[in-house]
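Chain by chain, the residues:
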Amino acid sequence: MKSSARVVIVGGGIVGVSIAYHLTKFGWTDVVLVEMNELTAGSTWHAAGLLPLFNMSYSVGQLHKYSVDLYQSLEAETGQPVSFHKTGNLRLATNKERMDEYHRYCATANTIGVPFEIVDVKRVKELWPPCDTTGVVGALFHPQDGHVAPADVTMALAKAARGRGAEINRQTKVTGIQQKLSGEWVVRTNKGDITAEHVVTASGSWARQIAAMVGLDIPVIAVEHQYIVTEPCDELLKRKEQGLPEMAVLRESDQSYYLREERQGLIVGPYEKGAPAWSVDGVPDSFGQELLPPDIDRLQVHIDAAIRRVPMLGRVGIKDCVNGPIPYTPDGGPLIGPAPGLRNYWLAEGFSFGITAAGGAGKLLAEWMVAGEPSVDPWDVDPRRFGGYANKIYTKIKNEEAYEHIFVLHYPLEERPAARPAKTSPIYDRLTAMGAVWGQKFGWERPNWFAPKGTPQKDVLSFRRGNFFEPAREECRAVRERVGVQDLTGFSKFVVSGPGAEAMLDKLVANKLPRGQLRTQLCHALNKAGGVVSEFTITRLARDRFYIISAAAAEAHDHDVLWRAMPEDGSVTLRDVTLDRGVLVLAGPKARDVLRKLTDADLSSNAFPWLSGKPITVGVAPVLALRVNFLGELGWELHHPLAYQIGIFKALMEAGAEFDIRPVGIRAMDSLRIEKGYRYWRSDLTTEYTILEAGMERFVRLDKGEFVGRQALVEQKQKGLPRNFVTVQVEAKTDNDPWGNEPLYANGTMVGRTTSGAYGYTVGKSLALAYVDPAHAKPGSKLEIELLGARHPAMVIPESPWDPTNDRIRA
């Protein structure tokens, strides 16, 4: 075994080997993989389709598509068979809501080039003759999907990686990982130490234990998964004798199971409620590749459902019931990317669908390590999407929930209930009493909307308009016509200070920093390609002290971005004050009238202009008031010590009573901000599009000096933009609105994709924000938008259909 390498991969299996394959492919050949078991550990699991449907985002969909393409090409590349069976994948629907989900998925599939067919019951019977189609209303068919042998793929990837110089060590136990003062890493094993520039962990069920070696607490805990294997079926034996092809992988989502052929028998894999987390306190040292004792009683309801759908299943014996641990995370997605607070330490953990994701995951992480950023926006798999709230107990509860939610209907506004509430603001109970229907972001509870008195205080979700639709209209009306108050305490909040603070931030962001004390500026951290990594609202508190606000979901991510930008000379201090300070937003034409009752500060536009801040008192509470907000009206963000929040909120509601002040939730905010053309970080602003393509050139100062991404933007301006950001208006009357990831067409050709959408209550139109080809970006351009399988006329309109000159904000 080598004593040094550029990269050490701890763990292995198909994910680790894929990383080694791609690192060596991209030119980093000095790679050592330390496999704790056999190279194909975990390969007892089979592949039941390679394109998971649940919650598939644009970026994750690209990774899965790449995996399918890679596996189909591996045999030609390596000469190693991978047993790829291109059978197709057939997903049944027994109700309209499930068909809506499939249509919604197909929109995303269109934008990434995944072929599919929406099929009727007759076609289902043609594709799966033994299927009893009673109650089936339709299905989704992926003709290019299928299944593959994970062990064979692993060996093919390993062969290629070894051929390019990688070293793979089996049965090697990792006993410790340490970082030297020089920054190099030392991986200690039972066969000797390895010094490396980079460490990657892909350790499966051992993830938490390996992470703890370097002081990390990551939200990965395995959950038991079972499947049954039957004896051969007469019907399948006859099909083979007749030379008929293997049938598609079959999924009945409404009964939570998948089923496919295996050696003329069947494999049935349910995702049942009550599947327990495994080895929450750590994997035993004695555990290797063993399976767990089966508990077939847990599966019975799903087996019965499968027998009703495929009667031949009931006529064969069960040959085996396989039970083993599969790593999960609280949202079901893997952790791929840099470990927060550690340099050159990378995570590839929490793969509940390892074979599905391994190919794309290896490519993404290798790009990130070698080139500095991946070609696909990584947010949906970034380890920094979780924070300290995702502790062991939280993770256990959420991972069990994630497992049993694999086949549930995944609505666009889905909110899962387990392990909540975690973090709440002081006014949580008051807002609940006012009708708040809660969502969460980064563990923070925040009102999504407010149910009118006497109506159920819960979401009734749909792929069409849910029960929040009319209440959110009234919240929007309050902000546009009177005044509203919103709790955004979950905002991420940082203080960056010290003699090197200004130089550090100036090099990090594309905009100029605010010059004057208590002036505010919207700034963006970019990657080298000019894509948006972070969005910050920066207020200069003093010459060398800055208050930085970013998205609630971004706390761990943005703290890490700022930390990585800090100079090593100690001239900058970074402090996370998120848990110390609350934020209430007061907005609307009457906002100034309300606030004047509570403070002696001069709130006139001359004394307190837009994009400025001022320390004031609200009642007796000290507040940093910032004249900014995301609602698109005259208003202030009121930043305050959390201990004062109840008093501030009470005072605002009392002072606003004469104007019929209303609490406002996230759903109303989404409508209001889209009417203004305001972009959301990580839906509208991502690393896959440059800040210039996002139409944010006004926040870029190419003449200010060097900053990350500047050269790429200069070159793009010279060449011209490949895409433009636009606001799109749906011209047809529908009962559903864009959510994001809908394809846009011109003359039958796809010319763009939406990134977010909502109904604009003030303008009375369904709206979307989108990236389109420049030829179709001018206001007035006619397009079509695909909503739940139907194409509707749409039109590009001016960026801000409401108050385009910002007169109301500046009032």
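As a reminder, the structure under discussion sits directly above these lines.
Residues numbered from 1 in each chain as written. Predicted model: local features only at pLDDT ≥ 70, side-chain atom pairs only at ≥ 80, totals over all residues. Heavy atoms only, no water.

## Some words on unusual backbone geometry
Here is step 1: For the bond from arginine 420 to proline 421, the omega torsion is -5°, close enough to zero to count as cis.
Here is step 2: Examined against the element boundaries, proline 421 turns out to sit in the loop between helix H10 (392-404) and helix H11 (428-433).
Here is step 3: At phenylalanine 442, a residue that is not glycine, the phi angle is positive and equals roughly 55°.
Here is step 4: If you trace the backbone, phenylalanine 442 turns up in the loop between strand S18 (436-441) and strand S19 (444-450). (Helix = DSSP H or I, 4+ residues; strand = E, 2+ residues; numbered from the N terminus.)

## Re empty space enclosed by the protein
Here is step 1: Counting across every chain of the model gives three cavities of 30 Å³ or more.
Here is step 2: One number sums up the size of the second largest cavity: a volume of about 60 Å³.
Here is step 3: The wall of the second largest cavity is formed by Arg104, Ala107, Asn736, Asp737, Trp739, Glu742, Glu786, Leu787 and Leu788.
Here is step 4: Mapped onto the lining of the second largest cavity, the elements with two or more residues apiece are helix H3 (96-112) and strand S35 (782-787).
Here is step 5: Each residue belonging to the lining of the second largest cavity can be placed in one class, and the counts come to four nonpolar, one polar and four charged. (1 Å grid on protein atoms, 1.4 Å probe; cavity = no way out; pocket = protein on both sides within 12 Å on 5 of 7 lines; lining within 4 Å. Points joined across faces, edges and corners; volume = space filled by probe spheres on them. Nonpolar A, V, L, I, M, F, W, Y, C, P; charged D, E, K, R; others polar.)

## Some words on the packing of helix H13 (residues 501-508) against helix H14 (residues 555-565)
Here is step 1: It is the contact of H13 with H14, at a shortest axis distance of 10 Å, that shows an interaxial angle of 115°. Between H13 and H14, the interaxial angle falls into the category roughly perpendicular. Classified by chirality, the crossing of H14 by H13 is right-handed. Contacts between H13 and H14 involve Met504, Leu505 and Leu508 on the former and, on the latter, Val561, Leu562 and Ala565.
Here is step 2: Along the lines of polarity and charge, the residues of the contact of H13 with H14 split into six nonpolar, no polar and no charged. (Axes fitted to C-alpha atoms, helices over the stretch in contact; angles between N-to-C directions. Parallel < 35°, antiparallel > 145°, perpendicular 65-115°, else oblique. Left-handed = near helix turned anticlockwise from the far one by under 90°. Contact = heavy atoms within 4.5 Å.)

## Some points on the pattern of salt bridges
Here is step 1: In total, this model carries 54 salt bridges according to the counting rule given.
Here is step 2: With its nearest N and O atoms 2.8 Å apart, the salt bridge here joins lysine 398 to glutamate 401. Of the two residues, lysine 398 and glutamate 401 both sit in helix H10, three residues apart, roughly one turn of that helix. The burial state of lysine 398 is the same as that of glutamate 401; both residues are buried.
Here is step 3: The shortest N-O distance in the salt bridge between aspartate 737 and arginine 465 comes to 2.8 Å. (Salt bridge = Lys/Arg side-chain N within 4 Å of Asp/Glu carboxyl O. Buried < 20%, exposed > 50% of the residue type's maximum accessible area, 1.4 Å probe, protein only.)

## Some thoughts on the sheet that holds S35
Here is step 1: Ordered in space as S31-S34-S33-S32-S35-S36, the six strands form a closed barrel in which the pairing is antiparallel. Recorded for the sheet is a direction-independent mean angle of 45° between the axes of neighbouring strands.
Here is step 2: Direction of pairing for strand S32 (residues 743-746) relative to strand S33 (residues 749-760): antiparallel, over a ladder of four bridges. Within S33, the residue paired with proline 743 across the bridge is arginine 753. (Pairing = 2+ DSSP bridges.)

## Re the environment of alanine 222
Here is step 1: Relative to the helices and strands, alanine 222 is located in strand S10 (residues 221-230).
Here is step 2: In sequence terms alanine 222 and valine 32 are 190 residues apart; their C-alpha atoms lie 26 Å from each other.
Here is step 3: Among residues more than four places away in sequence, those in contact with alanine 222 are Ser205, Ala277, Trp278, Pro325, Ile326, Pro327 and Tyr328.

## What about the layout of surface pockets?
Here is step 1: Of the voids in this model, the second largest pocket is the one considered here, and its volume is about 930 Å³.
Here is step 2: Taken together, 33 residues make up the lining of the second largest pocket; nearest its centre are Trp368, Gly372, Arg384, Val561 and Arg564.
Here is step 3: Listing elements by their share of the lining of the second largest pocket, those giving two or more residues are strand S9 (192-201), strand S17 (345-349), helix H9 (354-371), H13, strand S22 (520-526) and H14.
Here is step 4: The element best represented in the lining of the second largest pocket is H14, accounting for five residues.
Here is step 5: Residues belonging to the lining of the second largest pocket are distributed by class as follows: 17 nonpolar, six polar and 10 charged.

## Considering the pairing of strand S8 (residues 185-189)
Here is step 1: For S8, the tally of buried residues reaches four of five residues, placing the bulk of the element in the interior.
Here is step 2: Where strand S7 (residues 174-179) lies against S8, five bridges are found, and the strand directions are antiparallel. Note on S8: the bridge partner recorded for glutamine 178 is valine 186.
Here is step 3: Count of turn residues in the S7/S8 antiparallel hairpin: five residues, of which glycine 183 carries a positive phi of about 100°.
Here is step 4: Here five bridges tie S8 to S9, and the two strands are oriented antiparallel to one another. Across the sheet, valine 187 pairs through a bridge with isoleucine 194, a residue of S9.

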